[in-house]
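What the coordinates show
So you can see what is in the structure, the chains are spelled out below.
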Amino acid sequence: IALLKAGFKSGMERKALLAKKPEVREVPFETEKMMMATYHRAGKNLEIAVKGAPSRVLESCRRIVKENGKEYQRLDDGGRQRWIDRAESLASEGFRVLGIADKIAGSTDDKPYRELRFLGLAGLFDPPRSDVSSSLEACRSAGIRVVMVTGDQAATAAAIGRQTQI
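About the thresholds
Residues numbered from 1 in each chain as written. Predicted model: local features only at pLDDT ≥ 70, side-chain atom pairs only at ≥ 80, totals over all residues. Heavy atoms only, no water. Buried < 20%, exposed > 50% of the residue type's maximum accessible area, 1.4 Å probe, protein only. Helix = DSSP H or I, 4+ residues; strand = E, 2+ residues; numbered from the N terminus. Pairing = 2+ DSSP bridges. Axes fitted to C-alpha atoms, helices over the stretch in contact; angles between N-to-C directions. Parallel < 35°, antiparallel > 145°, perpendicular 65-115°, else oblique. Left-handed = near helix turned anticlockwise from the far one by under 90°. Contact = heavy atoms within 4.5 Å. Nonpolar A, V, L, I, M, F, W, Y, C, P; charged D, E, K, R; others polar. Core = buried A, V, L, I, M, F, W, Y, C linked by side-chain atoms within 4.5 Å. Salt bridge = Lys/Arg side-chain N within 4 Å of Asp/Glu carboxyl O.

So, the pairing of strand β2 (residues 35–42)
On a regular strand, each side chain points to the face opposite its neighbour's, so the side chains alternate between the two faces of the sheet. When you tally the buried positions in β2, you get seven out of eight residues, the bulk of the element. The loop that links strand β1 (residues 23–30) with its antiparallel partner β2 comprises four residues; one of these, M34, has a positive phi angle of about 60°. Strand direction decides the pairing type here: β2 and strand β3 (residues 45–52), joined by eight bridges, are antiparallel. Residue pairing for β3: Y39 is matched across the bridge by I48. Joining the antiparallel neighbours β2 and β3 is a turn of two residues, in which G43 adopts a positive phi near 65°.

What about the environment of P128?
Mapped onto the elements, P128 comes out in the loop between β7 (116–125) and α5 (132–141). On the basis of relative accessible area, P128 is assigned to the partly exposed category, the value being 28%. Sequence separation between P128 and T164 is 36 residues, and the spatial gap between their C-alpha atoms is 7.3 Å.

Regarding the packing of helix α4 (residues 77–92) against helix α6 (residues 154–164)
At a closest axis distance of 7 Å, the pairing of α4 and α6 adopts a crossing angle of 20°. Taken together, the axes of α4 and α6 lie roughly parallel to each other. For the pair α4 and α6, the sense of crossing is right-handed. Facing E88, A91 and S92 of α4, the residues of α6 in contact are A155, T156, A159 and R162. By residue class, the composition of the contact of α4 with α6 is three nonpolar, two polar and two charged.

Side note on the nonpolar core
Ranked by size, the top nonpolar core spans 18 residues in total, and within it V50, V57, C61 and F118 carry the most contacts. Counting only elements with at least two residues in this core, the list comes to β2, β3, α3 (54–59), β4 (61–65), β6 (95–105) and β7.

Points about the pattern of salt bridges
This model, assessed by the stated rule, comprises five salt bridges. The residue R62 makes a salt bridge to E115 at a minimum N-O spacing of 3.9 Å. In this pair, R62 is assigned in strand β4 and E115 in the loop between β6 and β7, connecting sequence segments 53 residues apart. A relative accessible area of 35% places R62 in the partly exposed class. Measuring nitrogen to oxygen at the nearest pair gives 2.8 Å for the salt bridge that ties D102 to R117. Of this pair, D102 sits in strand β6 while R117 is found in strand β7, placing the two residues 15 residues apart along the sequence. Since its relative accessible area comes to 16%, R117 is described here as buried.

Here it is as structure tokens:
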């Protein structure tokens, strides 16, 4: 929902985008891969859009888009590490961070997570609810040991743990 809202605020509407680039296949999120992909028909081209854990997305990227959005350059290990460090920095501030990438494919049978072009990071801020501290204190007062179980990056979980005193 956060990505849809961000797109809407940037002047993009999902219906209009899907009318222009209809989705023809989806590869659902897989815990092992920590990514998901959608295939879109774009005129004569087939575009694959990928989002997921930044380190996993970056592992699959060989190029990175330039600021003009049209050109790209080779993504080397040093560049890849700089983006991983940026993602970790955002996560340590409590953001849930996604890596975003794409590529042009020949068919819907093409593997989605190879030879990608890195587009950037999306940081999603989802602060704990205001009543979480009192709920946690009530649990502790009742003798309940509170633990956090999450699929978020470790740095995000640590930041949320600090915010909520878990």
